Amino acid sequence: MDKPLPQDSSDMTDRIRLPLNFDVDRLQQDLKKLQSCDWIAHFVQQNYDGEWDVLPLRSPASATHPVMMIYSDPSCTEFVDTHFLENTDYLAKVLQAFHCPLLAVRLMKLSAGSVIKEHTDLDLDVESGVVRLHVPIQTNDKVDFQLNGSRVILPAGECWYLRLSDPHSVANHGDEDRVHLVIDAEVNDWLAEQLQA
């Protein structure tokens with residue numbers, strides 16, 4: 001039986017570092033293999049200025065069009081690995097570290113000088129049972145991730161839960177692209193324990 005989840009946002013912080021760490025060099029080696037692939041411009045263009053591109057590693061099973069492959073469809077119940085993930089050595093192992101149902105999994109690249117405007121992602125919080133986890137692969141100290149008006153510093157190789165149903169924005173003021181592994185996952189006993197650790 002699943003552990004009870006917090007009943008409201010006051011029971012849990014809006015940002016939690018999970019007790020998981022990944023090898024940054026190996027993450028970046030896999031990223032280099034995928035840099036020449038056809039990344040897809042994020043389709044919600046009103047939410048950003050500059051370039052915000054996505055590469056799907058897990059996508060809805062029925063998706064064949066690239067835009068649908070990068071969409072984290074809340075009504076979808078079946079997700080499958082894409083051929084991009086099959087061409088990696090370490091990223092597939094990283095995903096095996098998550099002992100919970102994985103939904104959409106994407107690499108998300110915010111180019112140098114680009115901005116994701118403040119917005120909310122409905123139902124992406126522990127209380128709703130589906131969370132979005134971030135594993136930074138490539139970042140810099142001039143990335144300004146704001147959540148509820150407060151900066152979140154996300155070092156490469158760490159894993160973070162962010163309550164993205166709250167207002168958040170990102171500005172990459174650095175000279176290099178910021179790339180995160182972004183994992184949408186269902187909360188089960190294992191993940192609840194990680195979040196409470």
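With that settled, consider unusual backbone geometry. One non-glycine residue, D123, lies in the positive phi region at around 65 degrees. Tracing the backbone through its elements, the reader meets D123 in the loop between β7 (115–119) and β8 (130–138). Exposure remark for D123: the relative accessible area of 53% places this residue in the exposed category. Unlike most non-glycine residues, N148 shows phi in positive territory, near 55 degrees. Residue position: N148 is located in the loop between β9 (143–147) and β10 (150–152).

A few words on the packing of aromatic side chains. Counted according to the given criterion, the structure contains three aromatic pairs. Measuring from centroid to centroid gives 5.5 Å for Y48 and W52, while their planes differ by 80 degrees, and the two rings are edge-to-face. Judged by relative accessible area, which is 8%, W52 ranks as buried. A network of ring pairs unites the aromatic residues F22, F98 and W190 as a single cluster.

What follows deals with the sheet that holds strand β12 (residues 168–172). Strands pair in a sheet through their backbones, by hydrogen bonds, and they do so in one of two ways: parallel or antiparallel. An order of β3-β7-β12-β9-β10 is seen for the five strands of this open sheet, with the pairing classed as antiparallel. Taken across any chain shown, the strands that pair with only one partner, and hence form the sheet edges, are β3 (48–49) and β10. When β7 meets β12, the two strands line up antiparallel, connected through three bridges. Residue pairing across strands places I116 opposite V170, the latter belonging to β12.

Cut-offs used in this document
- Residues numbered from 1 in each chain as written.
- Predicted model: local features only at pLDDT ≥ 70, side-chain atom pairs only at ≥ 80, totals over all residues.
- Heavy atoms only, no water.
- Helix = DSSP H or I, 4+ residues; strand = E, 2+ residues; numbered from the N terminus.
- Buried < 20%, exposed > 50% of the residue type's maximum accessible area, 1.4 Å probe, protein only.
- Phe/Tyr/Trp six-rings, centres within 6.5 Å; stacked < 30°, edge-to-face > 60°.
- Pairing = 2+ DSSP bridges.

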